[in-house]
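What the coordinates show
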Amino acid sequence: MISIKFLNGQGERASNLDFFYQLSEQIFVILDGYEETTEKDITQFCEQLALISYKDLESLIATIKELDPSFKSSITLLEIRENEIRYLYLGDIRIYVNSKLVTKDHSYAWKILERTNCFSSEIIARKCLTHKYRNQIYKSIQNIRTDGYEIMEMKIETPSHILVCTDGYWMLEHKKIIASDNYSLKELPSKDNYSAILISIT
C-alpha cells in the first residue's frame, strides 16, 4: 500500500514556483522553478501533462519532449514499482530513501566539492547547505530536450519511506532527515518556496 503526504509553502517569496503532481498511482513529478519562471508557466505545463495517462517514465519523458517547455526549473520524475523505484532528476531537488540521500545536486557547489576527491557524498551534501555556489544550478528541465539525463533504478524493501523535497525544505531539514528513522513532514519558517512529499510504502 502507498500513502502520500504533501507539504508546500510559499515562504517570503512573491510567488510560489514549487509544484507537485501525481500523474498516476505510481508516477509523480516535482518542479522547482527558477526566478525568471512564472507560476503560469509551470501551472500550464503541469495541466498539459495531466491530460495524458502514463505507463512509465519513458512515456512521460516523451510527452515532456513534445511539450518542449521553455521555462527553467529543477525537475524530478519518480516512478514506484513493486520492490523498485525509478527516477530522473535535474537540478537540486533531493530524494531520500529511508533517510538516506540517493541523489546528487546538479549545483556548482556539489561539483566543486566532488572534484576535490576529498569528501564522501554525505559530507558534500552537508557542506552544500552553506556553500556560496549552492544555488547555481547547471542542469534543469531543459536537459530533457537534449537527452541530458539518466533514469536511475533502485531496489527497495517493504516498508520504505521516500522523501522528495526542494531546496527550500532540505536546506533547513537535511540534518534532521538523515538522523531520523521515522521522519515526519513539518511546516517550516523558510524564506524560500518549499515542497516535500513523503511516500510511505507498506
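Residues numbered from 1 in each chain as written. Predicted model: local features only at pLDDT ≥ 70, side-chain atom pairs only at ≥ 80, totals over all residues. Heavy atoms only, no water.

Some points on the side chain of R94
Keep this limit in mind: Strands here mean DSSP runs of E at least two residues long; helices mean DSSP runs of H or I at least four residues long; both are numbered from the N terminus. Between N or O atoms, a polar contact is any pair within 3.5 Å; within protein, one atom must be a potential hydrogen donor and the other a potential acceptor, and residues adjacent in sequence are included only when both atoms are from side chains. Any pair of residues with heavy atoms lying within 4.5 Å of one another is described as a contacting pair.
Positionally, R94 belongs in strand β6 (residues 94–97). Of note is the side chain of R94, whose polar atom sits 3.3 Å from the backbone oxygen of A125. In this structure R94 touches L101, T103, D105, W110, A125, C128, L163, V164, C165, W170 and H174, once residues within four positions along its chain are discounted.

As for empty space enclosed by the protein
Note the threshold: Lining residues are those with an atom within 4 Å of a point, where the points come from a 1 Å grid over the protein atoms alone and group into cavities, where a 1.4 Å probe fits but cannot get out, or pockets, open sets with protein on both sides within 12 Å along at least five of seven lines. Grid points are joined across faces, edges and corners, and a volume is the space filled by probe spheres set on the points. When residue character is reported, Ala, Val, Leu, Ile, Met, Phe, Trp, Tyr, Cys and Pro are called nonpolar, Asp, Glu, Lys and Arg charged, and the others, Gly included, polar.
A complete count under the given rule lists one cavity of 30 Å³ or more for this structure. Estimated volume of the largest cavity: approximately 50 Å³. Lining the largest cavity, in full, are I64, K65, D68, P69, I141, Q142, I144 and R145. At the level of elements, α2 (57–67) and α5 (142–145) are the ones that each hand at least two residues to the lining of the largest cavity. Considering every element that reaches the lining of the largest cavity, the biggest residue donor is α5, with three residues. Classifying every residue of the lining of the largest cavity by side-chain character gives four nonpolar, one polar and three charged.

Some details on the pairing of β6
Here is the key point about a regular strand: its side chains alternate between the two faces of the sheet. Heads up, the condition is: For every residue, the accessible area (1.4 Å probe, protein chains only) is compared with the maximum for its type, and the residue is labelled buried under 20%, exposed over 50%, or partly exposed between those bounds. Any two strands with at least two DSSP-identified bridges between them are counted as paired.
Of the two faces of β6, the one lined by R94 and Y96 and the one lined by I95 and V97 are each fully buried. Taken together, the four bridges between β6 and strand β9 (residues 160–165) define a ladder with antiparallel strand orientation. When the sheet's bridge partners are listed, Y96 is paired in β9 with L163. Here two bridges tie β6 to strand β7 (residues 100–101), and the two strands are oriented antiparallel to one another. Directly across from Y96, in β7, lies its bridge partner L101. Where β6 folds back on β7, the antiparallel hairpin that results is connected by two residues, among which N98 adopts a positive phi of roughly 50°.

Some remarks on the pattern of salt bridges
The test is simple: For this analysis, a salt bridge means a side-chain nitrogen from Lys or Arg found within 4 Å of a carboxyl oxygen belonging to Asp or Glu.
On inspection of all chains with the given rule, the structure shows 14 salt bridges. For R86, the salt bridge identified is with E58, shortest N-O distance 2.6 Å. Highlighted residues: R86 in strand β5 (residues 84–90) and E58 in helix α2, separated in sequence by 28 residues. Between K65 and D147 there is a salt bridge, with the nearest N and O atoms lying 2.3 Å from each other. Linking K65 in helix α2 with D147 in the loop between α5 and β8 (152–155), this pair joins segments that are 82 residues apart in sequence. Here the salt bridges share partners, and the residues they tie into one network are E58, E79, R81, E84, R86 and E153.

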